[in-house]
Each structure stands twice: as C-alpha cells, then as structure tokens.
Amino acid sequence: FPVTIVNILGFTNFTVTCRFNTGGIKALNLYPVITDQLHLKGVSQLLNEEVLHAVKIGKMGELVWPSVVWSDENSAWDYDISPEFFYEHAKSIRS
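Treat the numbers as computed from the prediction; the structure is a model and nothing was measured.

Caption draft 1: Spotlight on the nonpolar core. Counting residues in hydrophobic clusters, the biggest one holds 22 residues, and the most contacted among them are Leu 30, Leu 46, Leu 63, Trp 65, Tyr 79, Ile 81 and Phe 86. Elements that contribute at least two residues to this core include exactly strand E2 (15–20), helix H1 (31–36), strand E5 (63–70) and strand E6 (76–81). Counting residues per element, this core draws most heavily on E5, at four residues. Dropping the residues within four chain positions of it, Phe 86 is found in contact with Ile 5, Val 16, Cys 18, Phe 20, Lys 26, Ala 27, Leu 28, Leu 63 and Ile 81.

Structure below.
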C-alpha cells in the first residue's frame, strides 16, 4: 500500500516531524528542499517560518502549502512534498 502522512506532529525551525500510515515517525529538514526550489516564483515565502508552519496534509497524504507558487500567468498553485519523498529522505524518529 502507498505510504502517506497521517499527522504533522510539529516543527523545530525548518524541520517538520510527521507520523506515517506505517506507524513510523520521521523528521525532514525542509530548508534544503525549499532552497533547491527557489527558482519557482513564490517558494521563497516558505523561508518565513509562519508561512512554512501553515502546512496541511493533502488528499494523497502529502504536505501541501496552498497557493504558494505563482505561474507566469499569475495563477496560484499549491506547493507540495510527496509522502514518498519525505519518507525516503527523512530521519527516522521511530519506525
């Protein structure tokens, strides 16, 4: 079955800790993820911790920041991090 994020447990600066449908708990430092995506218009907003911490869990169990990215036509898009990426790149807190 696909891995999904079921709970956002909290933040320490740019590191978010989440519980997965596997029961595992993992923490991911989002700072390098965000800085790698700064070429996308609007992503720099996520360097503001207040905006960063307003994350939600999407329908597919991903982390979602609504209407953060702006297209060249000035339409707002959601920015998300897939649960698979998070699971593979995060540090295990509890498996």
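Caption draft 2: Summary view of the environment of Lys 59. In this structure, Lys 59 sits in the loop between strand E4 (56–57) and E5. Looking at Lys 59, the relative accessible area reads 85%, which means it is exposed. In sequence terms Lys 59 and Thr 4 are 55 residues apart; their C-alpha atoms lie 9.5 Å from each other.

Caption draft 3: Structural view of the packing of aromatic side chains. Summed over all chains, the structure comprises four aromatic pairs. Taking 5.2 Å as the distance between ring centres and 70° as the angle between the ring planes, the aromatic pair formed by Phe 14 and Tyr 31 counts as edge-to-face. You can see Phe 14 sitting in the loop between strand E1 (5–12) and E2 and its partner Tyr 31 sitting in helix H1, a full 17 residues away along the chain. Here Tyr 31 falls in the partly exposed class, since its relative accessible area comes to 41%. Taking 5.9 Å as the distance between ring centres and 45° as the angle between the ring planes, the aromatic pair formed by Trp 65 and Tyr 79 counts as tilted.

About the thresholds
- Residues numbered from 1 in each chain as written.
- Predicted model: local features only at pLDDT ≥ 70, side-chain atom pairs only at ≥ 80, totals over all residues.
- Heavy atoms only, no water.
- Core = buried A, V, L, I, M, F, W, Y, C linked by side-chain atoms within 4.5 Å.
- Buried < 20%, exposed > 50% of the residue type's maximum accessible area, 1.4 Å probe, protein only.
- Helix = DSSP H or I, 4+ residues; strand = E, 2+ residues; numbered from the N terminus.
- Contact = heavy atoms within 4.5 Å.
- Phe/Tyr/Trp six-rings, centres within 6.5 Å; stacked < 30°, edge-to-face > 60°.

Coordinates in, geometry out; function isn't part of it.
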